[in-house]
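# Residue-level structure breakdown
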Amino acid sequence: DGSKYCQNYLEQKPTPELMPSNSQMLKVAKQIFSATGLSVSESEIETSISDWGSSAYASLKVGGQNSPIEWSVNWGTNGEIGSVSGHSVKAVDRGAFATISAKAAVSRISDWRYSGQLAQSIWAKYQPVGGGRVIAYDGMAVEPESSTDPAVESSDEPTPAPSPSEITVTINKADEAQVMIWDKQGGAWIVPGYILIGNEGWITPVFSLEDGIVELPEPVEISPMVK
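Right, let's get into the overall build of the protein. Across its full length, the protein holds three helices and nine strands. Seen in sequence order, the protein has helices and strands lined up from the N terminus as α-β-β-β-β-α-α-β-β-β-β-β. When burial is assessed residue by residue, the protein has 30% of its 227 residues classed as buried. Expressed as a percentage of contacts within the protein between residues at least 6 apart in sequence, the contacts between residues at least 24 apart total 54%. When the accessible surface of the protein is totalled, it reaches about 15,600 Å², and 51% of it is carbon and sulfur.

Written out as structure tokens, the structure is:
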């Protein structure tokens, strides 16, 4: 209407009837992945379908395991392909190297340079079923529980700024996993690692190679945010 900002917005409505079926997604994804260098069967492709969009993805297998190097196809609300992503890469065997124990790897939680990226199929195994909480060190999180408590009344009083507090996390389980890390030059490595699981639901993937095998980036000191 000539004004600087929109005053009214059309309501966005889902159109699930336009979404491709699961079998259609698998067929299209297999064709696209194969054409771009990833040879997979339909049974190796994972799909996600919702009223607002759908996606399919598959991993490059390294050593017979799904790696975080993945291809994906995403469909928009109109049922058309909105994006496709993949890689032009091949895995090169660098040999066998010594690793540390899961107990020794716990100390690596405090240094971001040891964190590793997991394949989506691995993350999916740790998603909560029927509630619960999963938090990941690298920022990925799932919190199905509602953050709104109807019993708490709202107040006009200003909320005091939270102050830092120390918490203790106990690591009570470690699962072996393949992770991807980056070296000082930005090169990617697929290496063995552990998924460290804490008593509060923390999930932290770290690599388990001995120090010195991969040249890590320079450490960066992160200061607390101060207003």
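What follows is about the pairing of strand β4 (residues 81-85). As paired elements, strand β3 (residues 65-75) and β4 share four bridges and run antiparallel to each other. Following the sheet pairing, Trp75 is matched in β4 by Ile81. Counting the residues between successive antiparallel strands, the hairpin from β3 to β4 contains five residues, one of them, Gly79, with a positive phi of roughly 80°.

A separate point is helix α1 (residues 22-35). With 14 residues, α1 should reach 20 Å at 1.5 Å per residue; the first-to-last C-alpha distance of 20 Å fits that figure. All of the buried residues in α1 are Met25, Leu26, Ala29 and Phe33. Mapping the buried residues of α1 onto a view down its axis gives an arc of 95°, with all of them on the same face. For α1, the exposed residues lying more than 90 degrees away from the buried face are Ser23, Lys27 and Ala35.

This part covers the side chain of Ser208. With respect to the helices and strands, Ser208 occurs in the segment after β9 (202-207). Among the residues examined, Ser208 registers a relative accessible area of 3% and is labelled buried. What Ser208 contacts, discounting residues up to four positions off in sequence, is Ala98, Thr99, Ile100, Arg108, Pro192, Gly193 and Tyr194.

Further remarks concern the sheet that holds β4. Strands sit in the order β1-β2-β3-β4 across an open sheet of four strands; the sheet is antiparallel. Looking at the sheet topology across the chains shown, the edges are occupied by β1 (46-50) and β4. For this sheet, the mean inter-axis angle between neighbouring strands, taken without regard to orientation, is 20°.

Here Gln178 shows up in strand β7 (residues 171-182). In this structure the side chain of Gln178 is engaged in a polar contact, spanning 3.4 Å, whose partner is the backbone oxygen of Val62. Ignoring sequence-local partners within four residues, the contact set of Gln178 consists of Val62, Gln65, Asn66, Ser67, Gln117, Leu118, Ile190 and Val191.

As a further point, take the packing of aromatic side chains. All chains considered together, the criterion is met by one aromatic pair. Measuring from centroid to centroid gives 5.3 Å for Tyr114 and Phe207, while their planes differ by 35°, and the two rings are tilted. Linking Tyr114 in the loop between α2 (102-105) and α3 (120-125) with Phe207 in strand β9, this pair joins segments that are 93 residues apart in sequence. Across the pair, Phe207 and Tyr114 agree in class, each one buried. Against the face of Phe207 rests Arg108, its NZ or CZ located 4.9 Å from the ring centre.

Attention now moves to the environment of Arg94. Mapping Arg94 onto the fold places it in the loop between β4 and α2. When the C-alpha atoms of Arg94 and Trp189 are compared, they prove to be 9.5 Å apart, with 95 residues separating the residues in sequence.

What counts, and at which threshold
Residues numbered from 1 in each chain as written. Predicted model: local features only at pLDDT ≥ 70, side-chain atom pairs only at ≥ 80, totals over all residues. Heavy atoms only, no water. Helix = DSSP H or I, 4+ residues; strand = E, 2+ residues; numbered from the N terminus. Buried < 20%, exposed > 50% of the residue type's maximum accessible area, 1.4 Å probe, protein only. Contact = heavy atoms within 4.5 Å. Areas by Shrake-Rupley, 256 points an atom, 1.4 Å probe, with all protein chains shown as cover. Pairing = 2+ DSSP bridges. Expected span 1.5 Å × (residues − 1). Arc of directions from axis to C-beta. Axes fitted to C-alpha atoms, helices over the stretch in contact; angles between N-to-C directions. Polar contact = N/O pair within 3.5 Å; in protein donor to acceptor, adjacent residues only side chain to side chain. Phe/Tyr/Trp six-rings, centres within 6.5 Å; stacked < 30°, edge-to-face > 60°. Lys NZ or Arg CZ within 6 Å of the ring centre and 35° of its normal.

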